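A structural walkthrough
For reference, the chains in residue letters:
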Amino acid sequence: LLRAIPDDITNLNRIGDLCVRLNKMSDAAPFYRRAAEVLVGQGFYDKAIALYKKINRIDPTQVELLEPLADLQPKQGLVGEAVDPYEAVADYFQTQKKIDRAIGVHRKIVAMLPGDAPRRFRLAGLFERKGWREAVVAEYGAISSIMVDRGRADEACEVCLRALDVDAGCLELIGQAVGE
């Protein structure tokens, strides 16, 4: 059936269910994933979200599949629900030493929550691990602006000093943080 109709959601889901009944959880995941991808292509985000959650329930080792789940949630107005799966995926990528992939996920988090200084610090730390000084300094600049906007000038100055440790030529950042 799948050779004849490879994108049949019903059959993909049934085969996944049969794998689960046979206690072959990791074998079920590709079928559910393909069904979810077809659903996304058809614009049925809520059903795709349900399938990705189903995969996570039956086989939590499929951590990478949390990223497409998290990508879909903001499309359904579930921005807050996307953060935890993104963080789980980013942590997974870090443990796998896939720093570029972790940075990509953290960038998504920061794009959703631009005023979240702790999450920006995590992103800056990843940039620092890669040796991307300009990106580190840019993040510290954003963090110091957040601190200034919140009336926490002392903390903004501390962030600027951290930026100076990374790149002594970023004095412009300090001027921006203190409002000069």
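Residues numbered from 1 in each chain as written. Predicted model: local features only at pLDDT ≥ 70, side-chain atom pairs only at ≥ 80, totals over all residues. Heavy atoms only, no water.

Take the side chain of serine 144 next. Position of serine 144 among the secondary structure elements: in helix α8 (residues 133–149). Among the polar contacts listed, one links the side chain of serine 144 to the backbone oxygen of glycine 141, at a separation of 2.9 Å. (Helix = DSSP H or I, 4+ residues; strand = E, 2+ residues; numbered from the N terminus. Polar contact = N/O pair within 3.5 Å; in protein donor to acceptor, adjacent residues only side chain to side chain.)

Inspection of the entire model under this criterion finds three aromatic pairs. With centroids separated by 5.8 Å and ring planes inclined at 50°, the aromatic side chains of tyrosine 92 and phenylalanine 93 adopt a geometry described as tilted. Phenylalanine 93 sits in the buried class, given a relative accessible area of 0%. (Phe/Tyr/Trp six-rings, centres within 6.5 Å; stacked < 30°, edge-to-face > 60°. Buried < 20%, exposed > 50% of the residue type's maximum accessible area, 1.4 Å probe, protein only.)

Evaluation of the coordinates by the stated rule reveals 16 salt bridges. Notably, a salt bridge pairs glutamate 64 with arginine 101, separated by 3.9 Å at the nearest N-O pair. Pair noted here: glutamate 64 is in the loop between α3 (45–58) and α4 (66–72) and arginine 101 is in helix α6 (residues 99–112), with a separation of 37 residues, a long-range link. Overall, the relative accessible area of 40% leaves arginine 101 in the partly exposed class. The shortest N-O distance in the salt bridge between glutamate 67 and lysine 108 comes to 2.8 Å. Here the residue glutamate 67 occupies a position in helix α4, and lysine 108 occupies one in helix α6, the gap between them amounting to 41 residues. Residue glutamate 67 is classed as buried on the basis of its relative accessible area, which comes to 14%. For lysine 108, a relative accessible area of 29% gives the class partly exposed. (Salt bridge = Lys/Arg side-chain N within 4 Å of Asp/Glu carboxyl O.)

Moving on: the packing of helix α5 (residues 79–95) against α6. Contact geometry for α5 and α6: axes closest at 8 Å, N-to-C directions at 160°. By the criterion of interaxial angle, the relationship of α5 to α6 is roughly antiparallel. When you trace α5 past α6, the crossing you get is left-handed. Between α5 and α6, the contacting residues are Val79, Ala82, Val83, Tyr86, Glu87, Val89, Ala90, Phe93 and Gln94 on the first element and Ile99, Arg101, Ala102, Val105, His106, Lys108, Ile109 and Met112 on the second. (Axes fitted to C-alpha atoms, helices over the stretch in contact; angles between N-to-C directions. Parallel < 35°, antiparallel > 145°, perpendicular 65-115°, else oblique. Left-handed = near helix turned anticlockwise from the far one by under 90°. Contact = heavy atoms within 4.5 Å.)

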